[in-house]
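Spelled out, the chains give:
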There are 2 protein chains.
Amino acid sequence: MSSAPASRDLANAIRALSMDAVQKANSGHPGAPMGMADIAEVLWRGFLKHNPQDPTWADRDRFVLSNGHGSMLLYSLLHLSGYGVSIEDIKNFRQLGSPTAGHPEYGDAPGIETTTGPLGQGIANAVGMALAEKMLAGQFNRDGHTIVDHNTYCFLGDGCMMEGISHEACSLAGTLGLGKLIAFYDDNGISIDGEVEGWFTDDTVERFRAYGWQVIPNVDGHNAEEVKVAIENARANTDQPTLICCKTIIGFGSPNKQGKEESHGAALGDDEIALTRKELGWQHGPFEIPADIKQAWDASDTGAAAQGEWQQRFEAYKAAYPELAAEFLRRQAGELPADFAEQADAYIRECQEKGEKVATRKASQNALDAFGPLLPELAGGSADLAGSNNTLWKGCKPVSAEDASGNYIHYGVREFGMTAVQNGLCLHGGLRPYGGTFLVFMEYARNAVRMAALMHQPNILVYTHDSIGLGEDGPTHQPIEQIANLRLTPNMRTWRPCDTVESAVSWKKAILRQDGPSSLIFSRQGLPCMARGSEQLAAIEKGGYTLLQTGEGTPDAIIIATGSEVELAVKAAEALAGKNIRVVSMPCVEEFLAQDAAYQESVLPSSVRARVAVEAAIADYWYRFVGLDGKVVGMTSFGASAPAGDLFKHFGITAEAVQGAVESLL
Amino acid sequence: MSSAPASRDLANAIRALSMDAVQKANSGHPGAPMGMADIAEVLWRGFLKHNPQDPTWADRDRFVLSNGHGSMLLYSLLHLSGYGVSIEDIKNFRQLGSPTAGHPEYGDAPGIETTTGPLGQGIANAVGMALAEKMLAGQFNRDGHTIVDHNTYCFLGDGCMMEGISHEACSLAGTLGLGKLIAFYDDNGISIDGEVEGWFTDDTVERFRAYGWQVIPNVDGHNAEEVKVAIENARANTDQPTLICCKTIIGFGSPNKQGKEESHGAALGDDEIALTRKELGWQHGPFEIPADIKQAWDASDTGAAAQGEWQQRFEAYKAAYPELAAEFLRRQAGELPADFAEQADAYIRECQEKGEKVATRKASQNALDAFGPLLPELAGGSADLAGSNNTLWKGCKPVSAEDASGNYIHYGVREFGMTAVQNGLCLHGGLRPYGGTFLVFMEYARNAVRMAALMHQPNILVYTHDSIGLGEDGPTHQPIEQIANLRLTPNMRTWRPCDTVESAVSWKKAILRQDGPSSLIFSRQGLPCMARGSEQLAAIEKGGYTLLQTGEGTPDAIIIATGSEVELAVKAAEALAGKNIRVVSMPCVEEFLAQDAAYQESVLPSSVRARVAVEAAIADYWYRFVGLDGKVVGMTSFGASAPAGDLFKHFGITAEAVQGAVESLL
């Protein structure tokens, strides 16, 4: 046994790979990987339950690098442990098409559990993963049959600690008693502007105790034994999340740059790397890992054994609870119940037949009441607006620290935390989150919305109170530019339905979607149900369709509308007597643009330039569809505080205005 | 003296006005005003230094209602104290055109120091105001002459406490030792979803102690004497901000709804209001305030006396330091040095003559070096990216707890907090803040950006690393949809300059602008200086102008470009031999659209439909200008991690692509 490599040598493999890769790319962040290498070595070799041969194993521990700029730490760990990240990949750090991007990108390499880099969001994703574990354990484990039982580990640095989202997510984690969440604070005293004491003087230990966390202070992050004991104590406490505060030296091992900002975000330089190799006693060439080091790191056998043991337990579970086991596998695979689409279509037809006039936020709740019983994987919630967002449906049961088997999370007034936690729920697997807030406060969560799109996560974002139609609360609460912002986000689907029917379709499409988020935008105020034939009903899914036309053949003019303004468009068309007016309802622009050119042309013939778009939101967006010759009836300023009816008149979003705009073009 | 109204009766005037106004509007939030009325009575009548006759008095205390939904608390206070808010205004609560909007709107009524409603931002504004006071005190006060010496008071509720921005702003306030900031936590245990214990279990006392605040716990918010003692203790500590934790009952006085969520956000109803009147012993009719109560509240005389005393001190200061006094008045008035525009123009001409090729973020720093010495009111900063954003210029001196006389704030990794603190600096007066981060992380601060626009504050937002041109850090760090989002924000000015000259113009325009924020968007990578004649040089300010044309008269095609893509547009135009191609540089779309129709037509003749826009950002935005017949060379997906040059080729943002697009239209 005396020949087994020491912890420090094993950690030095991470340091060497990290500084070499950053040097070769001439870009990147060596400081954090070199500073946290010792902690990572203890965690990954001593505790992390994972199988490099099956990075999707449901009961693996999750590992999140919230300080994502330290990506070479993760790539080193993945390479050394036996994941599909080769030494060539490491050499291609930060190059086009390489799985080793500047920051860890979910989906680029096996073993990357989430995309990190935007600070603070990794820890929030980790909270979501730990919450998913706790919920699934509550839903699936049975006496004597524990099939969901894993930890979520997260590394985070000063930047994550300063970001507000760390407050939101960690406060919630304390309230929900996420005892299997274990975070490591890389307390190195350095951020990009230099020594943090000039701008960050929190007593982080006391701060996290105030959240109800177990905090293990003053751990020497370069002492393997201290780190080991801390992790053991963290794991022993299953009632509270744990923060292990590790004092570390950024850029550990670099004689001239360690402990300084210089080692944070730039290559050390060839000379300093040579000195560091000497200091660390690492005598191997660039990208060279000796066989004994590689072997000591390789987790393939232990991982396969761990998964094999779990598989046995799962087989026993399956024998005892065949239906639950099948349901577990279905949900882990992200598959919907076989008849979901069919049942959804039946409900949509029913909505059309009923023709109810209700607010679309109420239509959304009705859709949840219809679809919810089919989907035990739904994990709903709202940022303290359950009764306004109508995110609670009849089958909702709140999740608490004591009982996490429910399906509804009271997120509190934490929009950003909520959305990033939802991303974590998605990434974990087994749950389909949706979460609500007022549309304008999407902005608080904006970068987590973007991260859902970037990571292709089917997060469902419920946004109510979608325009000046919210009325008296005034301009701070009235969305103007938010819908356009969502539509301009790559890989987003933004639905703004006009009635109960389109609302149900938007929910169906959001649930069916597997490869990205959907924003569902609903009104506060009541909206009438539009008449549709079966062809139109089927066409809603295409995102834009001809809702009505007052004549035959090529129309004289086209009115494009969404949501609450579809009613205005219809009234305007009907008032334009003797003209052939087409009304296009466009609940989802992105879906419409994803249709083939022939379909788009059939709805919006390029020869028709008399086009008016109407939406109670920023006008500019719609020139995309009406061009230089068309007109937009929309908002060009912020809103105001008044009853909704007064506002629509005041801002000129009326059927008369639409009619006038069309007439001016004919 | 025995006939003077008791504190409780005075507080009940607030309760009565609040419940009556909400009832009349049938919309609004009575709970918080009724819960915090007693605290407000003690603070406003016993401590607040203000003059209702001059709401702009420079040395007044600032009062911020961070829980802005409780707007009737503020309107009641303003009305009762003698500000220009009449009882008719109160009766018109939440009606179109009334100064008493659903949430307090800055500028709508005298005495509203900031717009609140989006939770957590009020306390961050308050931190900015207290910071402004401390900086100005450091810059202007002299021994024996204290002309800047006022407190900032802030009310906040559970929602503010849950929001991440409260962490960012309050952590920074602790570090900077803002001893004149005194916050009152309305600890009523209720948020919209109900009793907060299900989602908010922080030990807020310990949390704020961890930030370095003085915390005064367990104050009975309905006991005037306890509140008074707490405020005295808060004021006695000038080294630390103070949080006074007040236990209150939401909707205090309502027999059936107090202490419950039902009193939070809806009218109490006529019956309950009658019962509440009885319970409170308030025997007056709706909107009736007895004369003795009104008189006891009226602060006109005490306010005038306080301001008069200050004015005397200011005169003495003026006698001793005439230049400083003049400078103080100039800065408080928001006036620029008389020769600023002239000096700026000289510098702009110099930039054109020099023709340097540098990154525009460096050009921005050069502009700061040129303009900074003229503008002692500048208050710079960055969210921990000083060296990347190039926000430090030669005359920068950091602000610290010990010495706040400087002009540069290390905000730490707190984008949202920074931007909202900047709003507070603007609102306070006397300072012109600018603050930097990477463009993509504007999203973390997004709603504070919007609030700057809504409040017409001339906040300067510096955003560097503006496209895939940032390279290796990858898609999390590469802006795509952010520029469009800024442009679609009402009252924003978004500048994306192409070289040193346009960068200098953007700074000049941002500084000259008084009625709204400017976003200055700069490149990481070097950009060549464009050739310009004097007419073009002068036209930059118009936001869009003909930079070059390869022929005479009406062009065959127009290429519109911004920032780093202007170079590509010029190359493409030059490669299109034999064609008459116009290149329009459009550094600020909003400025261009604010020009008269004739100017816009002169730059973009409507007859020319062969139009190509090029920008390394989301393509969709530009259909606004190229219409249904034009083309856009831009991004339609997220970016990737690779050297910048590889990315421009990979995503097809090249001169060849622009050339090809033009050719396809001719």
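Residues numbered from 1 in each chain as written. Chains lettered and ligands numbered in written order. Predicted model: local features only at pLDDT ≥ 70, side-chain atom pairs only at ≥ 80, totals over all residues. Heavy atoms only, no water.

Novice: Lay out the side chain of E168(A) with the relevant residues and their values.
Specialist: Its location among the elements puts E168(A) in helix 7 (residues 164-175). As a buried residue without a salt bridge, E168(A) has its nearest oppositely charged side chain in R414(A), at a separation of 6.2 Å. Among all residues touching E168(A), those that are not within four sequence positions of it are R414(A), E415(A), F416(A), G417(A), M162(B), E163(B) and G164(B). (Helix = DSSP H or I, 4+ residues; strand = E, 2+ residues; numbered from the N terminus. Buried < 20%, exposed > 50% of the residue type's maximum accessible area, 1.4 Å probe, protein only. Lys, Arg positive; Asp, Glu negative; His and termini not counted. Salt bridge = Lys/Arg side-chain N within 4 Å of Asp/Glu carboxyl O. Contact = heavy atoms within 4.5 Å.)

Novice: Lay out the interface of chain A and chain B with the relevant residues and their values.
Specialist: If you look at the interface, chain A gives 100 residues, while chain B gives 100 residues. Between chain A and chain B we count 12 salt bridges in total. For the pair chain A and chain B, the interface holds 52 residue pairs in polar contact (both at pLDDT 80 or more). A per-element tally of the side of chain A that touches chain B places helix 7 of chain A first, with 7 residues. In terms of residue class, the side of chain A that touches chain B is made up of 41 nonpolar, 34 polar and 25 charged. (Polar contact = N/O pair within 3.5 Å; in protein donor to acceptor, adjacent residues only side chain to side chain. Nonpolar A, V, L, I, M, F, W, Y, C, P; charged D, E, K, R; others polar.)

Novice: Break down the domain arrangement of chain A for me, citing the residues and quoting the values.
Specialist: All names here are of chain A. The domains assigned to chain A are domain 1 (5-302), domain 2 (337-525) and domain 3 (539-662). A straight line from the C-alpha centre of domain 2 to that of domain 3 covers 25 Å. The partner domain 3 presents 32 residues to the 30 residues of domain 2 that form the contact. Where domain 2 abuts domain 3, roughly 2,700 Å² becomes buried across the two surfaces, and 59% of that area is made up of carbon and sulfur atoms. On the surface where domain 2 and domain 3 come into contact, there are 6 salt bridges. Notably, a salt bridge pairs E591 with R493, separated by 3.3 Å at the nearest N-O pair. Counting across the interface, domain 2 meets domain 3 through 15 residue pairs in polar contact (both at pLDDT 80 or more). Of all the secondary structure elements, the ones that give two or more residues to the side of domain 2 that touches domain 3 are helix 19 (482-487), strand 13 (493-495) and helix 20 (500-512). (Domains from an automatic or database assignment. Buried area = accessible area lost by both parts, 1.4 Å probe.)

Novice: An account of the sheet that holds strand 12 (residues 460-464) of chain B is requested, with residue identities and associated values reported.
Specialist: Residue and element names in this part refer to chain B. Pairing is parallel in the open sheet, where 6 strands are placed in the order 10-9-11-12-14-13. Two strands bound the open sheet, and with one partner strand each, they are strand 10 (408-410) and strand 13 (493-495). Each neighbouring strand pair of the sheet contributes to a mean axis angle of 20°, computed without reference to strand direction. Pairing of strand 11 (residues 432-438) with strand 12 involves 5 bridges; the strand directions are parallel. If you follow T437 over to strand 12, its bridge partner there is Y463. (Pairing = 2+ DSSP bridges. Axes fitted to C-alpha atoms, helices over the stretch in contact; angles between N-to-C directions.)

Novice: Tell me what's going on with the environment of A448(A), and back it up with residues and numbers.
Specialist: All names here are of chain A. Counting through the fold element by element, A448 comes out in helix 18 (residues 446-454). Sequence spacing of A448 and Q121 is 327 residues, and the spatial spacing of their C-alpha atoms is 7.4 Å. Aside from chain neighbours lying at most four places away, what touches A448 is Q121, F416, T419, A420 and N423.

Novice: I'd like to hear about the confidence of the model for chain A, residue by residue, with values.
Specialist: On average, residues of chain A score 97 in pLDDT, and 100% of them reach the 70 mark or higher. For this predicted complex, the interface confidence score (ipTM) comes to 0.98, while the overall pTM stands at 0.98. (pLDDT = per-residue confidence, 0-100.)

Novice: So what's going on with the side chain of E590(B)? Residues and values would help.
Specialist: All names here are of chain B. By secondary structure assignment, the location of E590 is in helix 23 (residues 589-594). Nearest to the buried, unbridged E590 among oppositely charged side chains is R487, at 5.1 Å. Excluding anything up to four places from it in sequence, E590 contacts L486, R487, M492, R493 and T494.

Novice: I'd like to hear about the UniProt feature "binding site: Mg(2+)" (unreviewed entry) in chain A, residue by residue, with values.
Specialist: Residue and element names in this part refer to chain A. Under the local residue numbering, the UniProt record ascribes the feature "binding site: Mg(2+)" (unreviewed entry) to D158, N188 and I190. Across 33 residues in sequence, these annotated residues keep their C-alpha atoms within 7.8 Å of one another, forming a single compact spot. Summarising the element assignment, N188 is placed in the loop between strand 3 (181-187) and strand 4 (190-191). With residues near it in sequence (within four places) discarded, N188 still touches D158, T248 and I250. Mapping I190 onto the fold places it in strand 4. Assessed through its relative accessible area of 10%, I190 is described here as buried. Those residues within four positions of I190 in sequence are excluded, and the remaining contacts are D158, E195, V196, I250, G259, K260 and E261. (UniProt positions renumbered as here; feature names shortened; annotations may be inferred.)

Novice: How would you explain the packing of helix 1 (residues 7-25) of chain B against helix 10 (residues 270-280) of chain B if you had to name every residue and give the values?
Specialist: Residues and elements named next belong to chain B. Where helix 1 meets helix 10, the closest approach of the two axes is 11 Å, and the angle between their N-to-C directions is 175°. Our classification of the angle between helix 1 and helix 10 gives roughly antiparallel. Only D270, I273, T276, R277 and L280 of helix 10 make contact with helix 1, whose side of the interface consists of N12, R15, A16, M19, D20 and Q23. By residue class, the composition of the contact of helix 1 with helix 10 is 4 nonpolar, 3 polar and 4 charged. (Parallel < 35°, antiparallel > 145°, perpendicular 65-115°, else oblique.)

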